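Spelled out from the first residue to the last, the chains are:
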Amino acid sequence: MKGSKILLESLLKENVDTIFGYPGGSVIPIFDEFYNTNKIKFLLTRHEQGAAHAADGYARVTQKVGVCIVTSGPGATNTITGIANAKLDSIPIVVISGQVPSGNLGTDAFQETDMVGLTRSISKHNYLIKEVENIPKIIKEAFYIAKNGRPGPVTVDIPVDLMMQEVKNVKYPTKVELPGFKPNIKGNPKQVDKLVNAISEAKKPLLYIGGGVIISKAEKELVELIKKTNIPTVSTMMGLGSLPYDSENYLGMPGMHGVVSANYAIAECDLLIAVGVRFDDRITGPRDTFAKNSVVAHIDIDPAEIGKNIFADIPIVGDAKSVLKELNEKVKNRKKDDWNKKTEKWKNENPLKYDQKNSKKILPQFVINKVNEFVTDDTIIATDVGQHQMWSAQFYHHQKPNRYLTSGGLGTMGYGLPAAMGASFGFPKKQVILFSGDGSIQMNIQELATLALNNINVKIIILNNSFLGMVRQWQDLFWNKNYSATCLRRNSECKAQCKGPENDDDCPNLYIPDFVKVAEANGVKGLRTDKVEEVEKILKEGLEYDGPVLMEFLVEKEENVYPMVPAGKMNNQILLGD
Amino acid sequence: MKEKHTIILTVMNRVGILARISGLLAQRGFNIESVIGALTEDPDVYKITLVLYESERAIEQVTKQLNKLIDTIKVIDISHKNNYIIREYIIIKVKVNQNTRSDVIELIDVFKAKPLDISQTHIITELSGNVRKVDRFIDLMKPYGVSNYVRSGEFAMTEFNNENK
């Protein structure tokens, strides 16, 4: 059997039925195998970065391993951002890259890059296959490593000559042998007992949950724990959807753009129970000020996360689902008390807000809030990165896990469109909506053609404020309104320095690009409005249309995201805006 | 407070394992004081002894990160354990003349070091022992003029009756 056939068979044995990718000289034999099989659905993206993000989006919604195949050299390096993105958000993907022929390795051959070297620090693990006989074993290991323990990206680099080599007796392993990789699933019972005691002694307990809850499918156990103990709960952006947004005892997202109640609760709690989180700096602010009145319990499957950013008084290494299950069996019921009342008061007194009534221009928050009227519990939301991402985290009504695809750790502009595409390719019947900005969408806008040609039903909502809004917001608040390099309409007619288009009659304000024309040129339906009263109509028309649509809303240019905890400030030093 | 930590890594004998380890340390801002590695009695297993000067907290982090590498089987920080035999090996080239040669040879004798090559102007000698012994030997050779030396870095093994192989 040929190496390429062995690779295909190995992938089929891992139940792979969907692959994203882009061909090239070093992977022609692999694509030739695809030509002769109907067992794999293949999506040709328009850029390898798109393929990597699509595999990531696919993995997030289907909870399977996302797979992408690219060629050597530039094909491989174009996936780098996608791999780093999957690493920071713990998403299981396997990236298979072609490589120059074995004999040319290390000679700076045409389209040769050291993929193993390049991905060493951004992948969970990586391989260069040197013998064709090893393909089944390494593919098996790659999938096993990607999805077990704390998930992450694994890359496999395969010299093209291996694909053409013949092997007589191919052996497919049935299990993996990795003496160095044995994730600890069950938490130490003694540590769980300690946590049980801490909960019964705590006056102000707080649950702080994150992506680990979603990855381990622990949402039922979480709901049960909250029901039993009435512990107020906050969720990271990666954890959104593990609890319905309107759940009892749920406060919302803490951190830089988190809600006031969640941040106050962290500042004041005396027991912080962290589940599947990594104390990211966008949550903690200065680490020595974070939850400083609190005993910290940290449940995570990755021992290296425990104590990395915040010291854990009660460390529990284990899978969130398994540990929460055990905790539920042992923990005593807890009634609501003054602490609950206090957190609810914070919540009621500090709702998220925007003032569309007093604005003639469309406010981005208003559009997101309106979308809530057109969705079901099962709708999949993808986002790009920036202000719209924060607003969609805040204002979208998250209902279910694995339904909010966002680049949390790496903050990758350009993630949204290919991720939404991968999700929709995995679940063609589900409604998939992308929130993006005029900056982010242009970073992978080439995938519009992929949507149209394959009739991938993604509804794109661009909140166009003509700025790289999040950076402009920092310039507005902390850099004396020096809008340096953040206006996407800046052109040769502009003054050297600019404090923004408001009150500037000379602002050339060129509308480029015309997103509706871009959409239509790519075979995607395009809609646009700048009128508040048309928002609902456009959403209805766009979301009910059968096929991919791009809806552009020209929104208030200098709207800021609030609340905001400025970088370097404590969690209770919050800017609330007007 | 930064202090010396000797870490024994048991890893799978895989291509690029040293690059993974040194890359990880560099990525997280650690300087390697010394590193030595070779195959063990099991050809699939490679053993590395690593010396780092870092704080207790940093070492805890780095051992966790090293453990996280898929090819890592075991990581032990032996700094506060006394049931290890730790050795280092050195080859050193010392300047001599007619007046000093016998003094140097006497010291070599006392230290149970072994001369490897003797010329009119130099003596090359090898020595193994614990780190303090090696340091002291270098110190004593300095007044005569040390041309250069190579040290192996530390390597270690558990004593008998210990659960850690």
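Residues numbered from 1 in each chain as written. Chains lettered and ligands numbered in written order. Predicted model: local features only at pLDDT ≥ 70, side-chain atom pairs only at ≥ 80, totals over all residues. Heavy atoms only, no water.

**Considerations on the overall build of chain A**
Quick reminder of the rule: Each helix corresponds to a stretch of at least 4 residues labelled H or I by DSSP, and each strand to a stretch of at least 2 residues labelled E; elements are numbered beginning at the N terminus. In this analysis, two residues are considered to be in contact whenever any of their non-hydrogen atoms come within 4.5 Å of each other. Reported accessibility uses the Shrake-Rupley method at a 1.4 Å probe radius. Residues are deemed covered only where the shown protein chains occlude them.
Regarding its fold elements, chain A presents 22 helices and 18 strands. For chain A, the C-alpha atoms occupy an extent of roughly 70 × 70 × 40 Å along the three principal directions. Contacts in chain A between residues far apart in sequence, at least 24 positions, make up 74% of those at least 6 positions apart. Here chain A displays about 23600 Å² of accessible surface, and carbon together with sulfur accounts for 50% of that area.

**Comments concerning the environment of Ser10(A)**
All names here are of chain A. By the element assignment, Ser10 lies in helix 1 (residues 3-13). Each C-alpha atom of the pair Ser10 and Ile138 lies 9.3 Å from the other, and the pair is 128 residues apart in sequence. What Ser10 contacts, discounting residues up to four positions off in sequence, is Ile135, Pro136, Ile139 and Tyr172.

**Concerning the domain arrangement of chain A**
Residues and elements named next belong to chain A. Note the following rule: Domain borders in the structure are assigned automatically or taken from a domain database. Note on terms: buried area is the combined drop in 1.4 Å-probe accessible area of two parts once they are placed together, counting the loss on both. Salt-bridge detection follows one rule: a side-chain nitrogen of Lys or Arg within 4 Å of a carboxyl oxygen of Asp or Glu. Polar contacts, as used here, are pairs of N or O atoms within 3.5 Å; protein pairs need one atom able to donate a hydrogen and one able to accept it. Residues neighboring in sequence count only if both atoms are side-chain atoms. Under the scheme applied here, ten amino acids are nonpolar (Ala, Val, Leu, Ile, Met, Phe, Trp, Tyr, Cys and Pro), four are charged (Asp, Glu, Lys and Arg), and all others, including Gly, are polar.
Looking at the assigned domains, one finds that chain A contains domain 1 (3-164), domain 2 (189-349) and domain 3 (364-554). Using only C-alpha atoms to locate each centre, domain 1 and domain 3 end up separated by 30 Å. In this complex, domain 1 contributes 25 residues to the contact, which on the side of domain 3 involves 29 residues. Carbon and sulfur atoms supply 65% of the area buried between domain 1 and domain 3, which totals about 2000 Å² over both sides. Taken as a group, Leu43, Arg46 and Val61 account for 31% of the area that domain 1 buries against domain 3, more than any other trio of residues on that side. At the surface where domain 1 touches domain 3, the tally comes to 0 salt bridges. The interface formed by domain 1 and domain 3 includes 11 residue pairs in polar contact (both at pLDDT 80 or more). For the side of domain 1 that touches domain 3, the element with the most residues is helix 3 (residues 48-62), which contributes 10 residues. For the side of domain 1 that touches domain 3, the class distribution of residues is 9 nonpolar, 11 polar and 5 charged.

**Here we look at the pattern of salt bridges**
Test applied: The rule is simple: take the accessible area with a 1.4 Å probe, protein chains only, and divide by the maximum for that residue type; under 20% is buried, over 50% is exposed, in between is partly exposed.
One pass over the structure, following the stated rule, counts 43 salt bridges over all chains. Linking Glu305(A) and Arg150(A) is a salt bridge whose minimum nitrogen-to-oxygen distance equals 2.8 Å. Residue Glu305(A) is found in the loop between strand 11 (295-300) and strand 12 (314-317), and its partner Arg150(A) is found in the loop between helix 7 (135-147) and strand 6 (154-159); the two are separated by 155 residues along the sequence. The exposure classification of Glu305(A) matches that of Arg150(A), with both residues buried. The residue Lys336(A) makes a salt bridge to Glu344(A) at a minimum N-O spacing of 3.3 Å. We classify Glu344(A) as partly exposed; its relative accessible area is 28%. A single network of salt bridges, built from pairs that share partners, joins Arg150(A), Asp302(A), Glu305(A), Lys308(A) and Lys68(B).

**A word on the nonpolar core**
Residue and element names in this part refer to chain A. For clarity, the threshold we go by: Take the buried Ala, Val, Leu, Ile, Met, Phe, Trp, Tyr and Cys residues and link them wherever side-chain atoms come within 4.5 Å; each set so joined is a nonpolar core.
Ranked by size, the top nonpolar core spans 60 residues in total, and within it Leu195, Leu207, Ile273, Val275, Ile461, Met551 and Phe553 carry the most contacts. With 5 residues, the single largest contributor to this core is helix 9 (residues 189-201). Split by domain, this core shows at least three residues from each of two domains, domain 2 (189-349) and domain 3 (364-554). Look past the residues within four positions of Met551 in its chain and what remains in contact with it is Lys459, Ile460, Ile461, Ile462, Leu527, Ile538, Leu539, Gly542 and Leu543. The next biggest cluster of nonpolar side chains, apart from the first, holds 44 residues, and it includes Phe20, Ala54, Ile91 and Leu405.

**So, the interface of chain B and chain A**
Facing 17 residues of chain B, the contacting portion of chain A comprises 20 residues. Summing both sides of the interface, chain B and chain A together bury roughly 1500 Å²; the carbon and sulfur share of this comes to 51%. In this assembly, chain B and chain A are joined by 1 salt bridge. Residue Lys68(B) is joined to Asp302(A) by a salt bridge in which the shortest nitrogen-to-oxygen separation is 2.6 Å.

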